[in-house]
Amino acid sequence: MKFYTLKNDQKLPAIGLGTWKSEPGKVGEAVIEAIKSGYRHIDCAAVYGNEAEVGEALKTAFAQGLVAREDLWITSKLWNNAHESDKVIPALQKTLKDLQLDYLDLYLIHWPVAFKADVGFASKADEFLTPEEAPIIETWKKMEEAYNKGFVKSIGVSNFSLKKLKSLLVDATLPPEVNQVELHPLLHQEELLEFCNNNSIILTGYSPLGSGDRSQEMKKDDEPNLLENEVISKIAKAHDCSPAQVLISWHLSRGTSVIPKSTNPKRIKENLDSYKIELTEKDLQQIKTLDKGYRYVDATFFEVPGGPYKNIYDE
Ligand SMILES: NC(=O)c1ccc[n+]([C@@H]2O[C@H](COP(=O)([O-])OP(=O)(O)OC[C@H]3O[C@@H](n4cnc5c(N)ncnc54)[C@H](OP(=O)(O)O)[C@@H]3O)[C@@H](O)[C@H]2O)c1
Ligand SMILES: CCCCCC/C=C/CO
């Protein structure tokens, strides 16, 4: 397994298991299956609504000696309704309780978007907090406090644009270790990657396979199917591997970590085995031509009429 060493010397396993949309009754088995297959990195979030089942699976894995806590990397994320200063640590404590852990390896601000505390998913302007009402730096200070108190070994952000990341770096005492963003051959985010490389921030790529199991209302009618992309399929054929393995391997060739989601035992193993695929310079050149800035998770769900968040990827 490939690892990335963070500024704080923590070692992030390059491939992790995603858990968004992993169904109740399936996600626990998927976590056990992943650990048995050799995964040492699980990506969670409070809003996925399945951390308690992941926690039960982790407890079983530790009890059965499948893995030791210190050899496993667990990421979770602060949901948008807990950005206010007095809400951050309690939200983290709820996640720790659900996951049955004493500490997280990485805690991320899930989105640079704040909701009122009693709102699960904001869809009207008055359900949001403005950046003035909930400044991201105040939320970040609480993330720093969580780190200083030992609740988390590393802190980072997710869905932060270049502009937002730069602005956070100006004000932060502890710089973020990771920015988790959407990345795949249709969305390279080269400028963000270069900035992160120059500032020792690891990018983690989400929705690496095109997030095909999102609900219909999150999808555009003409959504491209990444797993059936012609260029990717040709490269897969040449390497005698699956298109998913090409998509995952591409991240390792760029120095980004990657968190494909699956609850299917065969695909869980297949995805981890992607580390064996070495893409050639020619493969990478061909994949370069596919970049069209296409987002599957386009965040328009936060851009409500009269609301405070517009074009969050450019702000
Ligand atoms: N920070 C954020 O805002 C954010 C946003 C999106 C995602 N994420 C994280 O990133 C993870 C991955 O992204 P995602 O869940 O959006 O989508 P994804 O990993 O791109 O795609 C998941 C879909 O691919 C299928 N799949 C998995 N392995 C496959 C294989 N080898 N061959 C063919 N199909 C395969 C899965 O089905 P099966 O389960 O049936 O195999 C599922 O339908 C999430 O689960 C979450 O942890 C974070
Ligand atoms: C109920 C989950 C809604 C999540 C919308 C934003 C996507 C997050 C994936 O990390």
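Every value quoted in this text rests on a predicted model; they were computed, and no experiment measured them.

(A) Molecular detail of the overall build of the protein chain. Helix and strand content of the protein chain: 10 helices and 12 strands. Taken against the 2.2 N^0.38 rule, which gives 20 Å for 315 residues, the C-alpha radius of gyration of the protein chain at 19 Å falls within 12% of a compact globule. When the backbone C-alpha atoms are referred to their principal axes, the protein chain occupies close to 55 × 45 × 40 Å. Taking all 315 residues of the protein chain together, the buried fraction comes to 53%. For the protein chain, long-range pairs separated by at least 24 residues make up 74% of all intrachain contacts whose partners lie at least 6 apart in sequence.

(B) Quick peek at the sheet that holds strand β3 (residues 17-18). If you walk across this open sheet you meet the eight strands as β3-β4-β5-β6-β9-β10-β11-β12, and the pairing is parallel. At either end of the open sheet lies a strand with only one pairing partner, and these are β3 and β12 (257-258). Looking at chain direction, strand β6 (residues 106-109) and strand β9 (residues 155-158) are connected through three bridges and run parallel. By the bridge assignment for β9, Ile 109 is matched with Val 157.

(C) Main features of the site of ligand 2. Around ligand 2, a shell composed of Trp 20, Tyr 48, His 110, Trp 111, Phe 121 and Phe 301 is seen. Tyr 48 is positioned such that a nitrogen or oxygen atom in its side chain is 2.5 Å from an oxygen atom of ligand 2. Residue His 110 places a side-chain N or O atom 2.8 Å away from an oxygen atom belonging to ligand 2. Protein chains shield 77% of the accessible area of ligand 2, which is 340 Å² for the free molecule. Counting atoms within 2 Å of the grid points, the majority share of ligand 2 lands in the largest pocket. The residue makeup of the shell around ligand 2, split by class, is five nonpolar, one polar and no charged.

(D) Looking closely at the environment of Asn 199. Assignment of secondary structure puts Asn 199 in the loop between α6 (190-198) and β11 (202-206). With a relative accessible area of 31%, Asn 199 lands in the partly exposed category. Spatially, the C-alpha atom of Asn 199 lies 36 Å from that of Ala 238, the residues being 39 residues apart in sequence. Those residues within four positions of Asn 199 in sequence are excluded, and the remaining contacts are Lys 7 and Leu 169.

(E) Region of interest: helix α3 (residues 85-99). The end-to-end C-alpha distance of α3, which contains 15 residues, comes to 23 Å, matching closely the 21 Å that a straight helix rising 1.5 Å per residue would cover. Those residues of α3 that fall on the buried side of the exposure criterion are Val 88, Ile 89, Leu 92, Thr 95, Leu 96 and Leu 99. Each buried residue of α3 lies within a common arc of 120° when the element is viewed along its axis, so the set occupies one face. Across from the buried face of α3, at angles greater than 90 degrees, the exposed residues are Asp 86, Lys 94 and Lys 97. In the core, the buried residues of α3 are packed alongside α2 (51-63), β5 (73-78), β6 and α4 (136-148). Following α3 by one or two positions, Gln 100 adopts a phi angle in the positive range, close to 55°.

(F) Broad picture of the site of ligand 1. Around ligand 1, a shell composed of 30 residues is seen, among which Lys 21, Asp 43, Ser 211, Ser 262 and Arg 267 lie nearest. Residue Ser 211 places a side-chain N or O atom 2.6 Å away from an oxygen atom belonging to ligand 1. Burial of ligand 1 by the protein amounts to 90% of the accessible area it has alone, namely 900 Å². Under a 2 Å grid-point criterion requiring more than half of the atoms, the pocket assigned to ligand 1 is the largest pocket. It is helix α9 (residues 265-272) that contributes the most residues to the shell around ligand 1, three residues altogether.

(G) Spatial organisation of unusual backbone geometry. Not every positive phi belongs to a glycine, and Ser 207 is a case in point at roughly 50°. Among the structural elements, Ser 207 can be located in the loop between β11 and α7 (230-239). The backbone phi angle of Ala 299 is positive, close to 65°, even though this residue is not glycine. Topologically, Ala 299 is positioned in the segment after α10 (281-288).

(H) Inspection of the pattern of salt bridges at higher detail. What the rule picks out here adds up to 19 salt bridges. For Glu 23, the salt bridge is made with Lys 26, and the minimal N-O distance between the two is 3.8 Å. Close ionic contact of Lys 77 with Asp 43 constitutes a salt bridge, the shortest N to O distance being 2.7 Å. With a gap of 34 residues between them, Lys 77 in strand β5 and Asp 43 in strand β4 (residues 41-43) connect regions that are remote in the sequence. One salt-bridge network, held together by shared partners, links Lys 21, Asp 213 and Lys 261.

Cut-off values and rules
Residues numbered from 1 in each chain as written. Chains lettered and ligands numbered in written order. Predicted model: local features only at pLDDT ≥ 70, side-chain atom pairs only at ≥ 80, totals over all residues. Heavy atoms only, no water. Helix = DSSP H or I, 4+ residues; strand = E, 2+ residues; numbered from the N terminus. Rg over C-alpha atoms; globule rule 2.2 N^0.38 Å. Buried < 20%, exposed > 50% of the residue type's maximum accessible area, 1.4 Å probe, protein only. Contact = heavy atoms within 4.5 Å. Pairing = 2+ DSSP bridges. Near = heavy atom within 4 Å. Polar contact = N/O pair within 3.5 Å; in protein donor to acceptor, adjacent residues only side chain to side chain. Areas by Shrake-Rupley, 256 points an atom, 1.4 Å probe, with all protein chains shown as cover. 1 Å grid on protein atoms, 1.4 Å probe; cavity = no way out; pocket = protein on both sides within 12 Å on 5 of 7 lines; lining within 4 Å. Sits in = over half its atoms within 2 Å of the grid points. Nonpolar A, V, L, I, M, F, W, Y, C, P; charged D, E, K, R; others polar. Expected span 1.5 Å × (residues − 1). Arc of directions from axis to C-beta. Salt bridge = Lys/Arg side-chain N within 4 Å of Asp/Glu carboxyl O.

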